[in-house]
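# Residue-level structure breakdown
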Amino acid sequence: MSVLIKGGRIITASDDYVGDVYIENGAVSMIGAALDVTAEKTIDATGKIVMPGAIDPHTHIEMFFGGTTTCDDFTSGTVAAAFGGTTSLIDFCMQAPGTSFAQALENYHEKIERCPPVIDVGFHIGVTDLREGGTLEDLAKLPDEGVTSYKLFMAYKGAVMVDDETLFKTMQVARDTGGLIMVHAENGDAIDLIVKETVAAGKTDPIWHALSRPMETEAEATNRAIQLAHVADAPLYVVHVSCLPAVEPIALAREKGWKVWGETCTQYLFIDESALEKPDWEGAKYIYTPPPRPKEHQQHLWNALVGDVLSAVSTDHCPFNWPDQKGVNGREFQVVPNGGPGIENRLHMLWTFGVREGRITPNRFVELVSTNVAKLFGLYPRKGTIAPGSDADIVVWDPDKKLTISAATHHTNINYNLFEGTEVTGAPEVVLVRGQVIVENDELVGKPGDGQFVKRARFGEELLPAAKAVT
Ligand code: URP
Ligand code: ZN
Ligand code: ZN
């Protein structure tokens, strides 16, 4: 199948020009000012922006967590992602404590076979246990399976939290195998005590979720992970950075030239802790971790994105329905499963309030949602750019399209939206994955199975364009 995208404003992390993109066999084959070619499908992109498909490095699809399972599977979750302009995601393949990494991978491959994705999917391994089920030898084999990032939780005591020994040993494996360490950085021991004291004092409403997880517990764990990764000589990526105290150690490490990167998520840029005070337990919709912070931290996060202290914006899409899964009256905040939705609206929100309001340039936008993610997670240059040979994962973006974000019209299975009622300007018109149209004019054109599992390259290595990799 050949596709010609004509006359769009092509924006990558480094370029911004008007031209045509010609796609053959799923890859970009030519880019030029006015290409003299005919194609089976032509997309008129005049007045539109043509950019690399976004990559979401942080989702929790069909994940068992907090006694329940997130309500998107790999079909519904990836359909929602595609409607928002995301063409690849990397999900956490969780090791159930006491079981092997091979078993975890098998479980997650079964999930994508049972509910096939419409966009491309990769896995990070979620390391929860090196004592009963997981071994260091097995951990070291995962990059050969294209799973080149190791995620560890420094919080959620009694569930998926690891101790420093497990964290440090995994860092040593990452150093030796070319993996990237990812951490959920909060001091789980301290938080566990504070939460118990809070509940014992009868403080059980959703707002206490935020008040029992002080920012310093995030900052302390962030710094601990940074120092340990430096000692182990492993590259480190800190997920869902929520506040200035956690930004600061990342800034310092990066100033020193250490191998440290951080992401924030859309919700931390737009939702503050007052959301947890919504009446009738509606505040439980905003129980995700780290919690929404006081409003002034939103500006600190924008500054960190602009100043290259933070390198990516993910969604941490972790959808639990409200009230069925999130619970209502009579519940206590600490038993509500942690997580919020967001897979579909990351680009809408960042374009409208980031690019249109002059906080970030269009190039930086592409970098934050696509190119940096591709580079850090072993997908570049196959993904994350528009260049000859790259996968034709492309979004034709209408910068003037208006939309009101709502659970009534979004495509994920969850029954609420964190950004409900927000008016945005800028949305995808056509979304292509490896040259195949998945979404066009608000219609799903693709089908389950159009997305593929992607084996990623090791940290710092390139993922060659598919054609070159074969020859
Ligand atoms: O609350 C959240 N973020 N839930 C998902 C698991 C995690 O911590 O990323
Ligand atoms: Zn987390
Ligand atoms: Zn998460």
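The structure reproduced in this document is the subject of the present report. One numbering rule holds for all chains: residues counted from 1, following each sequence as written. To label them, take the chains in the order written and letter them from A, then take the ligands in the order written and number them from 1. Reporting of local features is limited, given that this is a predicted model, to residues whose pLDDT is at least 70; pairs of side-chain atoms are given and counted only at 80 or more, and all residues count toward the totals for whole chains, interfaces and linings. The side-chain figures draw on all heavy atoms in the structure; neither hydrogens nor water molecules are used.

A few words on the packing of helix H7 (residues 215–232) against helix H8 (residues 244–255). Two elements in contact, H7 and H8, have axes separated by 7 Å at closest approach and are oriented at 20°. Of the possible angle classes, the one that applies to H7 and H8 is roughly parallel. In the packing of H7 onto H8, the handedness of the crossing is right-handed. Residue-level contacts link Met215, Glu218, Ala219, Thr222, Asn223 and Ile226 of H7 to Pro245, Ala246, Pro249, Ile250 and Ala253 of H8. Along the lines of polarity and charge, the residues of the contact of H7 with H8 split into eight nonpolar, two polar and one charged. Axis geometry follows a simple rule: fit a line to the C-alpha atoms, using only the stretch in contact for helices, then measure angles between N-to-C directions, giving values from 0 to 180 degrees. Each helix corresponds to a stretch of at least 4 residues labelled H or I by DSSP, and each strand to a stretch of at least 2 residues labelled E; elements are numbered beginning at the N terminus. Roughly parallel covers angles under 35 degrees, roughly antiparallel covers those over 145, roughly perpendicular covers 65 to 115, and oblique covers all other angles. A crossing counts as left-handed when the near helix is turned anticlockwise from the far one by less than a right angle, and as right-handed when that turn is clockwise. The contact criterion used throughout is that any non-hydrogen atoms of two residues lie within 4.5 Å. When residues are sorted by character, Ala, Val, Leu, Ile, Met, Phe, Trp, Tyr, Cys and Pro go into the nonpolar class, Asp, Glu, Lys and Arg into the charged class, and all the rest, Gly among them, into the polar class.

One side-chain nitrogen of Lys or Arg within 4 Å of one carboxyl oxygen of Asp or Glu is enough to make a salt bridge. What the rule picks out here adds up to 31 salt bridges. Note that Lys196 is salt-bridged to Asp192, the shortest N-O span being 2.9 Å. Placement of both Lys196 and Asp192 in helix H5 (residues 188–200) is noted, with a separation of four residues, approximately one turn of the helix. Exposure is judged per residue with a 1.4 Å probe applied to protein chains only, and the accessible area is read against the type maximum: over 50% gives exposed, under 20% gives buried, and values in between give partly exposed. On the basis of relative accessible area, Lys196 is assigned to the exposed category, the value being 53%. With a shortest N-O distance of 2.9 Å, Arg293 and Glu218 are connected by a salt bridge. Separated by 75 residues along the polypeptide, Arg293 in the loop between helix H9 (266–270) and helix H10 (296–306) and Glu218 in helix H7 bring together distant segments of the chain. Comparing Arg293 with Glu218 shows no difference in burial state: the two are buried. One connected set of salt bridges, linked through shared partners, spans Asp120, Lys383, Asp391, Asp393 and Arg434.

Where a metal carries four tetrahedral donors, each ideal angle is 109.5 degrees; where it carries six octahedral donors, the ideal angles are 90 or 180 degrees. Nitrogen, oxygen and sulfur within 2.8 Å of a metal are treated as its donors, or within 3.2 Å for sodium, potassium and calcium (Na, K, Ca); water is not counted, so a site can appear incomplete. On the protein side, the zinc ion (ligand 3) has His58 (NE2), His60 (NE2) and Asp316 (OD) as donor atoms, found 2.0 to 2.1 Å from it. Given four donor atoms and angles of 87 to 131° at the metal, the environment of the zinc ion (ligand 3) is assigned as tetrahedral. Look at where the donors of the zinc ion (ligand 3) fall in the sequence and you get H-x1-H-x255-D. Metal-to-metal, the separation of the zinc ion (ligand 3) and the zinc ion (ligand 2) is 3.9 Å. With His58 in strand E6 (residues 54–59) and Asp316 in the loop between strand E15 (312–314) and helix H11 (346–355), the pair connects residues that are 258 residues apart, well separated along the chain. Any site counts as irregular unless it has four donors with all angles between 85 and 135 degrees, making it tetrahedral, or four or six donors with opposite ones more than 155 degrees apart and the rest between 65 and 115, making it square planar or octahedral.

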